[in-house]
Amino acid sequence: MPTYTDMTKCDGCGDCVDICPSDIMHIDPVYRRSYNIEPNFCWECYSCVKACPHQAIDVRGYADFAPLGHKVRVLREPEKGVISWKIRYRDGRLKEFAFPIRTTPWGSIKAAQDYEKPDLSALGSQLLAHEPTALHVSALPTIKKA
Amino acid sequence: MTAALEAAECEAAKGRRLTEVTMFTINPFAALTDLLPLLAMQVYIVLMMLAVVGGTLFDVVHKGSARFFARRREQSAAAALRQLSGGETASIAVGVIAEAAVSGEFSKWPRRLSHLLMMYGFFTYLITTVAMVFCYPAGTPTPTILPTLWTAGGLMVLAGGLWFFFFLRVNVAYDGASPFHLGRADLFIGSVLVSIAFALVWHYMQATIGNTISTRIVFGIYIFFTTLLFVSVPWSKFAHMFFKPAVRFQRRVEGANGSSDLPSPSTENFIIRS
């Protein structure tokens, strides 16, 4: 089910344009709000739905297999590390789902270049770069020999 | 003879004072009465106000905004889990005004700061324009604070607006459009920037070289773009200052009365590590 933007909610921040892997979220030249230029090419990854800080992007099914009347809404709460979905079926039923997305604060993950450059001698190690400290554990589990 | 000398000295001193006066302290519209009668300026301002009201009403009818809001209210009332009291509704309205006052709808600080500069700069510029034209015509001493605020308001609009126009406009920052590419979406910001830029240039020329032909040409360009700004309301996003708070109010009402189609906020916090 491809996405579409509710222009009364969109503030034209561009986050959906930035994140869309298909590059089909663009900016409307008249109202400067985002819109899906080609729903047929939507991968339905819903990255834009989840990235939108204003819950301005909704999901709309193709009329042949998901007749209009339903609604799929998303609430992103990065401060709680959760994304919730609310599905409204055509017959009026409602279902809500909450998905934890992370356990660390939003924006707290360090980029690779922010870490100290590893020593070349570490190439022979079984550990990956910055393990185990980057995993927030003191040591990785090992297999006990019989 | 002595009286004539004194008069000449007085005129010379007056001239020196005039050249010392900066654009921050003189009322630009008082000096304009050499060119335009005061009544013409006042009628122009009233006409521009009427153009904004008329343009917004036309926009409401043409785009069907009133129908949209009425339908939305009906749907919200039908799906409401509880009725809001008058106090709760008033509290929501106050919250919406407070949010609009700090441009709280923007999630990114550069856009918010740019919008705050433009919004408060524009209001300051408008209010001081009206005050100087209606309350302090030629011959009435204008408090220095008014032209100072008028100029400062214009500079704030230019600072926030140029920042937005060249660096923050979403089609430029995210869609890869050229900063010089203009579309209908730029009608409002473009006419605001050009109008205020020429207003400040005109004021500067008036304060330094007086009402010469070139000053009058710059004044003509200023008036052209100011007129464009106010009469283009149905085609520009000028009316967003009325629609945005209305939409925000409706959404907050829906959130409060339980008719919002958004999922309920999570009761659990999954951030357990730093």
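Look above for the structure.
What comes next is a walk through the structure. On a predicted model such as this, the values are computed, not experimentally measured, just so you know. (Residues numbered from 1 in each chain as written. Chains lettered and ligands numbered in written order. Predicted model: local features only at pLDDT ≥ 70, side-chain atom pairs only at ≥ 80, totals over all residues. Heavy atoms only, no water.)

The next thing to look at is the state of the cysteines. All names here are of chain A. Per the stated rule, a full pass over the model turns up 0 disulfides over all chains. Left unpaired, Cys 13 is separated from the closest cysteine sulfur, that of Cys 52, by 6.2 Å. Considering cysteine sulfurs only, Cys 48 is the nearest to Cys 42, which forms no disulfide, with 6.3 Å between them. With a relative accessible area of 13%, Cys 42 lands in the buried category. (Disulfide = S-S within 2.5 Å. Buried < 20%, exposed > 50% of the residue type's maximum accessible area, 1.4 Å probe, protein only.)

Turning our eyes to something else, we now look at the nonpolar core. In terms of nonpolar packing, the biggest core is built from 39 residues, with B:Phe29, B:Trp150, B:Ile196, B:Trp202, B:Tyr222 and B:Phe238 touching the most fellow members. Residue assignment for this core shows that the elements contributing at least two residues are α3 (38-63), α6 (109-135), α7 (145-168), α9 (187-208), α10 (213-231) and α11 (240-257) of chain B. By residue number, the principal contributor to this core is α9(B), which donates 9 residues. Within the second largest apolar cluster, 21 residues are counted, among which are A:Cys16, A:Cys42, A:Cys48 and A:Val74. (Core = buried A, V, L, I, M, F, W, Y, C linked by side-chain atoms within 4.5 Å. Helix = DSSP H or I, 4+ residues; strand = E, 2+ residues; numbered from the N terminus.)

Enumeration according to the criterion identifies 17 salt bridges over all chains in this entry. Close ionic contact of A:Arg73 with A:Asp58 constitutes a salt bridge, the shortest N to O distance being 3.8 Å. Of the two residues, A:Arg73 is situated in strand β5 (residues 71-77) and A:Asp58 in strand β4 (residues 57-59); the sequence distance between them amounts to 15 residues. For the pair shown, A:Arg73 and A:Asp58 are each scored as buried. Across the pair B:Glu88 and B:Arg82 runs a salt bridge whose closest N-O atoms are separated by 3.0 Å. (Salt bridge = Lys/Arg side-chain N within 4 Å of Asp/Glu carboxyl O.)

Residues and elements named next belong to chain B. Within the fold, His 62 resides in helix α3. What makes His 62 exposed here is its relative accessible area of 57%. In sequence terms His 62 and Ile 272 are 210 residues apart; their C-alpha atoms lie 51 Å from each other.

All names here are of chain B. Here α3 crosses α6 at 145°, and the two axes come no closer than 9 Å. Considering only the axes of α3 and α6, their crossing is left-handed. Contacts between α3 and α6 involve Leu 38, Met 41, Gln 42, Ile 45, Val 46 and Met 49 on the former and, on the latter, Thr 129, Val 130, Val 133 and Phe 134. Its residues assigned to classes, the contact of α3 with α6 comprises 8 nonpolar, 2 polar and no charged. (Axes fitted to C-alpha atoms, helices over the stretch in contact; angles between N-to-C directions. Left-handed = near helix turned anticlockwise from the far one by under 90°. Contact = heavy atoms within 4.5 Å. Nonpolar A, V, L, I, M, F, W, Y, C, P; charged D, E, K, R; others polar.)

Residues and elements named next belong to chain A. A sheet is described by the order of its strands in space; here 3 strands give the open sequence β5-β6-β7, paired in antiparallel fashion. For this open sheet the edge positions go to β5 and β7 (94-100), each flanked by a neighbour on one side alone. Direction aside, the axes of adjacent strands within the sheet are offset by 15° on average. (Pairing = 2+ DSSP bridges.)

A few words on α10(B). Residue and element names in this part refer to chain B. Its 19 residues give α10 an end-to-end C-alpha distance of 27 Å, which sits within 8% of 27 Å, the value for a rise of 1.5 Å per residue. Looking at α10, one finds that the buried residues are Thr 215, Val 218, Phe 219, Tyr 222, Thr 226, Leu 229 and Phe 230. Buried residues in α10, looked at end-on, bunch into an arc of 105°, giving them a common side. Exposed residues lying more than 90 degrees from the buried face of α10 are Ile 213, Ile 217 and Phe 224. Buried residues belonging to α10 abut α2 (28-31), α3, α6, α7 and α9. (Expected span 1.5 Å × (residues − 1). Arc of directions from axis to C-beta.)

Residue and element names in this part refer to chain A. A large share of strand β6 (residues 82-88) lies buried, amounting to 6 of its 7 residues. Bridge analysis of β5 against β6 gives 7 bridges, and the strand direction is antiparallel. By the bridge assignment, Val 72 is partnered in β6 with Ile 87. The hairpin formed by β5 and β6 contains 4 residues between the paired strands, and Gly 81 there has a positive phi angle of roughly 70°. Here 7 bridges tie β6 to β7, and the two strands are oriented antiparallel to one another. Paired with Ile 83 across the two strands is Phe 99, which belongs to β7.

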